[in-house]
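Single-letter residue listing:
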Amino acid sequence: MELGEGLQIIDEWRIQENRFREEQLVTQGSNFMTGNGYLGYRGTFAEWRAAQYVGCFVTDTYDKADDTWVELCNAPNGLFAEFVADGQPLGVLNNPAGGYHRTLWFRYGLQTRSLTVRTPSRAHVTVTEERFASYAALHVVPARYRIESDRPASIVLTWGIDGEVWDLNGTHLRRHKTRVESGGRLSVVARTGTSRVIVAVASALQVVNGDELQNTAYHHTAETAGGRSIYRKLELTVGPEQPVTIEQYMVVYSSNDLADPRSAAVSMLESACSSGYERMWRQHQAAWDAIWRDCDITIEGDLKAQAILRFNLYHNIIATPAHSDRLPIGARGLSCQAYQGAAFWDQEIYNLPMFLYTRPETARQLLLYRHRTLGGARKKARELGYEGAFYAWVSGKTGEEICPSYFFVDVLTGRRIRNHFNDWQIHISPDIAYAVKRYYEVTGDWEFVRDYGTEILWEVARFLLSYVFYKPAKDRYELIRLLGPDEYHENVDNNFFTAVQSQYALRAAVWAYDAMSEFEPQRWSELSSRLGFGCEQRERCEAVASKLFLQPADPRTGVIEQFDGYFQLEDTRPKVLKQRLLDPAEYWGWPNGVAVETQVLKQADVLQTFVLHPWQFSDQGARANYCYYEPRTQHGSSLSPSVHAVVANRIGRYEEAYEYFMRSGTIDLLSTNRTVSGGTFIGGIHTAACGAAWQIVVHGFLGMQFCNGILQFRPRVPFWWKRVAFPLVLRRLRLWCELEETGRLIVTAERAGEGELPVRCGSREHTVKPGISVSFSVRG
């Protein structure tokens, strides 16, 4: 099935590229990447170098090289392998017309490339390579090559570690030390310039004939290049009855993993070589099987939707550092250095919900990261004159703000643009509080609330109490000088979304205060004393929440004004503004972009509220606001289409919902969003859109919500979908949910669970218990 941009859907688990296009190097390198949450290896080819955007980006290696951008390091490439047959390089750049395909099997994160080249001696040589980032051994990326030929051909293979890497903003790794280890294995050790993190890469290659290793039959030579790289050469012969299979292993460690990363890398490399590719592959498959058992969604009757959905789920999974509670999900995951490998509000609002309902232990890890970074949030609040925790808009390992004040460049003048993402976009803190409270509601994990969550909620509340502005004449509190989700409009007052989230956060702090004082008096007393959050602060939270100004719905139209004065701006449309651009790369927003004085918004803003708080708003209100804001939204952010998909489905605009689902799901596959905005590179995998794919199907098409302890469904799936099935974890129950073609919804609880749960669909309600199924008729 043709997908577009030279891509095909092979089956429900695989996409394939059959035509190589050099202009898609960045995009397809991201799309076809493999990863495991610790590292991400771009979907490039063995013979490629920095000019082709090869990358292995490693978590917890933050460094600042240009005095502006803190970002993750791109490790030396330990899977470099260049094949030359009878003097002819076996590479797609040298042979663009050769038989070629590149495949990503996202069931197991396996990238495969096959290329056939005609050599000067008229031999047709085919090289097939495959690699995966192991989920059973997070530091290892195994690769395997098979070389076949219809005639005898001499192959020269240069392999090793390429230390010349692609960096976006300055050179991070310095002081490289190359080394030939025992057994002919190779290593490169380097150190970051500012953060002093040591990164060690080890690489090995072995030739496999059947089950035997035949290294000694071939001649190896070692050489270094420029002090950063180290290679070896291997000569061999292939023919019609003489194919060759080669295994290569790359291992990465940093000094943030352990004290001696080189020794660890060499030791793990030895283990990988001893295990062999096939054994590592089986262990890796078993790990992925467990992941998909928890996270997969089955759609029957729509191959395109199924493959696109799984592509997005796959990328949300591999971007998530589930192995650690100290690290964030980057806005571009581990696909490149764009957005600095750091967390935005995307993490809690777009990435986390899938894990909240499928792998709550991963959601817990992500929220523990926010607790660990309270120090950075407190520092930011203090420096800006506030109390409590003002979380970083761009948050790395420490939680200190790493968002530059000058993010974009005016492409018309070359001058930097001062944006206020890092000091006016305050909704990041209540967004995190929202996620903490929702985590407890879904999981019932009181220990988390006691040990970590309460501190987050109280510190966010303290920040909000120090930020709100009281207007005596109107006897209300306001939030002024804001930047909401719509980033084109800065310095606005009373943004509706920010106010709703802030009110929710203040009430969550009151809830935590009351619950802790009743059930954990000792811990409550200790926290209250340490944080300065006592009865007075609790009462103030309640008072501010009750008097916080929320933009009212217009009594005639039902539309909620996005912020003060929004309705007085020029009422136009994105297509009109596009015609006003003097340069297509112009930034549309603050301070003088084409959208600033208009009602055109970058992304869903008011509508975002209807997704996070669906039970607070009527369908009529959702419809009025969707109809108003949808035509005025430019969708300049990958976060926007998913929100529109969920709301459109809720109000019965099913065709639009499906179109937005496909638009959100193909942002990366079809490269629909710009890779450069305002002179800044923002390419790579859009992980928020990937996480949102789960929400579109489950919250949107299935209408699943969990509110007040009741699991609720309002299914409205495309009529051609024959079956939808997915797992959920609520409280201590693991559920299997299935919507059949007949219109019957079945919810089954596994026997191993505990407790019971009310399930509602339409006007009917049943209680599900371990080993019990309940069913509902939702059609006809």
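Details of the structure are given in the entry above.
Our subject in this report is the structure included herewith. Predicted model, so just to flag it, every value in this text is computed and none were measured.

A cis amide bond links Trp-590 with the next residue in sequence, Pro-591, at an omega value of 5°. Relative to the helices and strands, Pro-591 is located in the loop between helix H13 (574-580) and helix H14 (606-612). Despite not being glycine, Arg-196 has its phi angle at roughly 60°, a positive value. For Arg-196, a relative accessible area of 47% gives the class partly exposed.

The next thing to look at is helix H15 (residues 619-629). Within H15, burial applies to Gly-621, Ala-622, Ala-624, Asn-625, Tyr-626, Tyr-628 and Tyr-629. Where H15 is buried, its residues touch H14, helix H16 (640-650) and helix H17 (654-665).

The next point concerns the nonpolar core. One finds Ile-297, Phe-661, Phe-701, Leu-711, Phe-713, Leu-728 and Leu-735 to be the most contacted residues of the largest nonpolar core, which totals 206 residues. Broken down by element, this core gets its largest block of residues, 14 residues, from helix H10 (residues 496-519). In this structure, Leu-711 is in contact with Met-704, Gln-705, Phe-706, Leu-728, Leu-730, Leu-735, Leu-757, Pro-758, Val-759 and Arg-760, ignoring residues within four places of it in sequence. Of all hydrophobic cores here, the second largest spans 52 residues; its members include Phe-83, Ala-85, Leu-115 and Val-238.

A few words now on the packing of helix H4 (residues 303-318) against H17. Two elements in contact, H4 and H17, have axes separated by 10 Å at closest approach and are oriented at 45°. Here H4 is positioned oblique relative to H17, judged by the angle of their axes. By crossing handedness, the relation of H4 to H17 is classed as left-handed. Every residue of H17 that contacts H4 at Lys-304, Ala-305, Ile-308, Leu-309 and Asn-312 is listed here: Tyr-658, Phe-661, Met-662, Ser-664 and Gly-665. When grouped by side-chain class, the residues that make up the contact of H4 with H17 number 6 nonpolar, 3 polar and 1 charged.

Applying the stated criterion across every chain yields a total of 61 aromatic pairs. Plain terms: the ring middles of Phe-344 and Trp-393 are 6.0 Å apart, the flat faces sit at 80° to each other, and that makes the pair edge-to-face. One end of the pair, Phe-344, is in the loop between H4 and helix H5 (346-358); the other, Trp-393, is in the loop between helix H7 (374-383) and strand E24 (406-409), with 49 residues separating them in the sequence. Exposure class is identical for Phe-344 and Trp-393. Each is buried. Ring centres of Tyr-440 and Trp-446 lie 6.2 Å apart, and the angle between their planes is 70°; this geometry places the pair in the edge-to-face category. Judged by relative accessible area, which is 16%, Trp-446 ranks as buried. When the ring centre of Phe-32 is taken as reference, the NZ or CZ atom of Arg-102 above it lies at 4.9 Å. For Lys-380, the ring lying beneath its charged end belongs to Phe-390, and the centroid distance is 3.9 Å.

Let's shift gears to the packing of H16 against H17. Contact geometry for H16 and H17: axes closest at 8 Å, N-to-C directions at 160°. Comparing the axis directions of H16 and H17 gives the class roughly antiparallel. Helix-helix and strand crossings are classified by hand; for H16 and H17 the assignment is left-handed. Of H17, the residues touching H16 (which contributes Pro-641, Ser-642, His-644, Ala-645, Ala-648 and Asn-649) are Tyr-654, Glu-656, Ala-657, Tyr-660, Phe-661, Arg-663 and Ser-664. Of the residues that constitute the contact of H16 with H17, the class distribution is 7 nonpolar, 4 polar and 2 charged.

Thresholds, definitions, all that
- Residues numbered from 1 in each chain as written.
- Predicted model: local features only at pLDDT ≥ 70, side-chain atom pairs only at ≥ 80, totals over all residues.
- Heavy atoms only, no water.
- Helix = DSSP H or I, 4+ residues; strand = E, 2+ residues; numbered from the N terminus.
- Buried < 20%, exposed > 50% of the residue type's maximum accessible area, 1.4 Å probe, protein only.
- Contact = heavy atoms within 4.5 Å.
- Core = buried A, V, L, I, M, F, W, Y, C linked by side-chain atoms within 4.5 Å.
- Axes fitted to C-alpha atoms, helices over the stretch in contact; angles between N-to-C directions.
- Parallel < 35°, antiparallel > 145°, perpendicular 65-115°, else oblique.
- Left-handed = near helix turned anticlockwise from the far one by under 90°.
- Nonpolar A, V, L, I, M, F, W, Y, C, P; charged D, E, K, R; others polar.
- Phe/Tyr/Trp six-rings, centres within 6.5 Å; stacked < 30°, edge-to-face > 60°.
- Lys NZ or Arg CZ within 6 Å of the ring centre and 35° of its normal.

By themselves these figures say nothing about function.
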